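# Summary of the model geometry
The residues making up each chain are set out below.
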Amino acid sequence: MKKVLVIYGTTEGHTRKIATFIAEHLRAHGAYVDLVDSATPAAAAVQPTYGAVVIAGSLHEHLHQRSLVHFARENAAWLNAVPTAVVSAGLAAAIPDPETQAQARNNLQYFLDTTGLKPARTKIVAGALLYTKYDWFKRTMMRLIAKQMGKDVDDTRDHEYTDWDDLRRFVDEFARQARIADGGG
Ligand SMILES: Cc1cc2nc3c(=O)[nH]c(=O)nc-3n(C[C@H](O)[C@H](O)[C@H](O)COP(=O)(O)O)c2cc1C
């Protein structure tokens, strides 16, 4: 059974949901999966014993979580020697404007450039507006941004934009590429 690491950074919790979804789907492919939050001591204890890795983070002011950047940079040498996928979640991916989409791609490229990661696959995923998890300042700011971007402004509840079917297809492709169902290493 192939051992796979799914490591994620999250600020409000949505990327945990994305990473959990990816981990469950990889398990359905027959992988043995460890799911690790990059902001916990478990991240520093990760050993280079995995046959494939998925790294997922989300954008806040154009940057991914610092703990995830740290993990990727520290472990880039062995990560680049196994099939690796990078998933980047953000609001930009939910906005069908070429400039905003280009910004999301640039943010992902910046993550790769600053960590030295050379993943086999990358995926930009629409995240969520988690109004109920924001403090007053964040809620006001995000409501304003959402209004400008034509997204949901009802801040009495959360709004999720992730296309789970599309993400499932991405995981299927990665599982095939990383030969996760083969039962090897
Ligand atoms: C303060 C703040 C800043 C954000 N900045 C960006 C950004 O620069 N680009 C983007 O695409 N999304 C941005 N987002 C949207 C988040 O990436 C999105 O809500 C994502 O689902 C958060 O994932 P998390 O809950 O795992 O942290 C921002 C959200 C907040 C609250």
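Relevant structure appears above.
Described in the following lines is the structure provided in the data block. Since the structure is predicted, the reported quantities are computational estimates derived from the model, not experimental observations. (Residues numbered from 1 in each chain as written. Predicted model: local features only at pLDDT ≥ 70, side-chain atom pairs only at ≥ 80, totals over all residues. Heavy atoms only, no water.)

Attention shifts here to the nonpolar core. General note: in soluble globular proteins, nonpolar side chains tend to be found buried as a group. Core analysis: the biggest nonpolar cluster contains 26 residues, and Ile-22, Leu-26 and Ile-180 have the highest contact counts within it. Ignoring anything within four residues of it in the chain, the contact list for Ile-180 reads Lys-2, Val-4, Leu-26, His-29, Ala-31, Ala-52, Phe-174 and Ala-175. (Core = buried A, V, L, I, M, F, W, Y, C linked by side-chain atoms within 4.5 Å. Buried < 20%, exposed > 50% of the residue type's maximum accessible area, 1.4 Å probe, protein only. Contact = heavy atoms within 4.5 Å.)

Glancing now at the site of the ligand. Surrounding the ligand, one finds 23 residues, the nearest of these being Thr-10, His-14, Thr-15, Leu-59 and Ala-128. One nitrogen or oxygen atom from the main chain of Gly-13 is found 3.0 Å from an oxygen atom belonging to the ligand. His-14 is positioned with one of its backbone polar atoms (N or O) 2.7 Å from an oxygen atom of the ligand. In the complex, 93% of the free accessible area of the ligand, which totals 640 Å², lies under the protein chains. Sorting the residues of the shell around the ligand by element identifies helix H1 (14–28), strand S4 (84–90) and helix H5 (136–149) as the ones contributing at least two each. No other element matches H5, which puts three residues into the shell around the ligand. Taken together, the residues of the shell around the ligand break down into nine nonpolar, eleven polar and three charged. Shared between two domains, the shell around the ligand takes at least three residues from each, and those domains are domain 1 (3–127 + 162–182) and domain 2 (130–159). (Near = heavy atom within 4 Å. Polar contact = N/O pair within 3.5 Å; in protein donor to acceptor, adjacent residues only side chain to side chain. Areas by Shrake-Rupley, 256 points an atom, 1.4 Å probe, with all protein chains shown as cover. Helix = DSSP H or I, 4+ residues; strand = E, 2+ residues; numbered from the N terminus. Nonpolar A, V, L, I, M, F, W, Y, C, P; charged D, E, K, R; others polar. Domains from an automatic or database assignment.)

Another point: helix H3 (residues 66–79). Along its length, H3 reaches its greatest deviation from straightness, about 40°, at Arg-73. Inspection of H3 places Leu-68, Val-69, Phe-71, Ala-72, Asn-75, Ala-76, Trp-78 and Leu-79 among the buried residues, and these make up the whole buried set. Elements in contact with the buried residues of H3: strand S1 (3–8), helix H2 (41–44), strand S3 (52–58), S4 and helix H4 (98–115). (Bend = angle between axes of the 7 residues up to and from the residue.)

Two residues of an α-helix separated by three or four positions point the same way, owing to the 3.6 residues in each turn. Across its 14 residues, helix H6 (residues 164–177) extends 20 Å between first and last C-alpha, which sits within 8% of the 20 Å expected from 1.5 Å per residue. Taken as a whole, H6 has its buried residues at Trp-164, Leu-167, Phe-170, Val-171, Phe-174 and Ala-175. Viewed end-on, H6 has its buried residues packed into an arc of 135°, placing them on one side of the element. Count one or two residues on from H6 and you reach Arg-179, which has phi positive near 50°. (Expected span 1.5 Å × (residues − 1). Arc of directions from axis to C-beta.)

To continue, consider the packing of H3 against H4. Running from N to C, H3 and H4 point in directions that differ by 45°, and their axes come no closer than 8 Å. Relative to H4, H3 is oriented oblique. Only Phe-111, Thr-114 and Thr-115 of H4 make contact with H3, whose side of the interface consists of Leu-68, Val-69, Ala-72, Arg-73 and Ala-76. (Axes fitted to C-alpha atoms, helices over the stretch in contact; angles between N-to-C directions. Parallel < 35°, antiparallel > 145°, perpendicular 65-115°, else oblique.)

Moving on, we come to the sheet that holds strand S5 (residues 121–126). The sheet built from five strands is open, its strands ordered S2-S1-S3-S4-S5 with parallel pairing. Two strands close off the open sheet at either side, each with one partner strand: strand S2 (32–37) and S5. Geometrically, the sheet is characterised by an average inter-axis angle of 15° between neighbouring strands, direction not taken into account. In the sheet, S3 pairs with S4 via six bridges, with the strands oriented parallel. (Pairing = 2+ DSSP bridges.)

Following both chains from N to C, one finds H1 and H6 inclined at 50°, their axes separated by 10 Å at the closest point. Taken together, the axis directions place H1 and H6 in an arrangement best described as oblique. For the pair H1 and H6, the sense of crossing is right-handed. Between H1 and H6, the residues in contact are His-14, Lys-17, Ile-18, Phe-21, Ile-22, His-25 and Leu-26 and Trp-164, Leu-167, Arg-168, Val-171, Asp-172 and Ala-175, respectively. (Left-handed = near helix turned anticlockwise from the far one by under 90°.)

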